[in-house]
Amino acid sequence: MIKYYVDQEKCIGCSLCAELAPEVFKMDGDKAVGVADDGNNAEEACDSCPVNAIHKSEV
Ligand code: F3S
């Protein structure tokens, strides 16, 4: 299983990840947070972040 997490220091709040994969990322104020380990489009959202703030690890 893959776990995704958002680097709060790097995230600029563009919200693309939350739009692409709402099951996995949600906006919390002006930053995104991971709300699920994996889900639809998570990989795409990870690759689409303009500042590479989303990291993943195999668990
Ligand atoms: Fe932040 Fe990247 Fe998502 S900048 S809001 S983690 S697409």
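One numbering rule holds for all chains: residues counted from 1, following each sequence as written. Local features in this predicted model are restricted to residues of pLDDT 70 or higher, and side-chain atom pairs are both shown and tallied only at a pLDDT of 80 or more, whereas totals for entire chains, interfaces and linings draw on every residue. Only hydrogens and water are set aside; all other atoms, that is, all heavy atoms of the structure, feed into the side-chain values.

### Details of the site of the ligand
Here is step 1: As a structural note, the neighbourhood of the ligand is formed by 14 residues, with Cys11, Ile12, Ser15, Cys17 and Cys49 the closest of them.
Here is step 2: Using a grid of 1 Å spacing that covers the protein atoms alone, one calls a set of points a cavity when a 1.4 Å probe fits there but cannot get out, and a pocket when the set is open and has protein on both sides within 12 Å along at least five of seven lines; lining residues are those with an atom within 4 Å of a point. A cavity or pocket is said to hold a molecule if more than half of that molecule's atoms lie within 2 Å of its grid points. A majority-of-atoms criterion places the ligand in the largest cavity. For this description, a residue counts as near a given molecule or strand if any of its non-hydrogen atoms is within 4 Å of it.

### So, empty space enclosed by the protein
Over the atoms, a rolling probe the size of a water molecule traces out where space has been left empty.
Here is step 1: Grid points are joined across faces, edges and corners, and a volume is the space filled by probe spheres set on the points. Going through the model one piece at a time under the given rule, you end up with one cavity of 30 Å³ or more.
Here is step 2: Lining of the largest cavity is provided by 14 residues; of these, Cys11, Cys14, Cys17, Ala32 and Cys49 occupy positions nearest its centre.
Here is step 3: Residue type decides the class: Asp, Glu, Lys and Arg count as charged, Ala, Val, Leu, Ile, Met, Phe, Trp, Tyr, Cys and Pro as nonpolar, and the leftover types, Gly among them, as polar. Broken down by class, the residue content of the lining of the largest cavity amounts to 12 nonpolar, two polar and no charged.

### Comments concerning the nonpolar core
Here is step 1: Core analysis: the largest hydrophobic core is formed by 14 residues, its most contacted members being Tyr4, Val6, Cys17, Val24, Phe25 and Ile54.
Here is step 2: Mapped onto this core, the elements with two or more residues apiece are β1 (2-6) and α2 (42-48).
Here is step 3: Top contributing element to this core by residue count: α2, with three residues.
Here is step 4: In this structure, valine 24 is in contact with Tyr4, Val33, Gly34, Val35, Ala36, Asp38, Gly39, Asn40 and Ala42, ignoring residues within four places of it in sequence. Nonpolar cores are built from buried Ala, Val, Leu, Ile, Met, Phe, Trp, Tyr and Cys residues. Side-chain atoms within 4.5 Å join them into one set. The classification of residues rests on relative accessible area computed with a 1.4 Å probe and restricted to protein chains. Under 20% of the type maximum is buried, over 50% is exposed, and intermediate values are partly exposed. By the criteria applied, helices consist of DSSP H or I runs no shorter than four residues and strands consist of E runs no shorter than two, each listed in order from the N terminus. Contacts between residues were defined by any pair of non-hydrogen atoms, one from each residue, lying within 4.5 Å.

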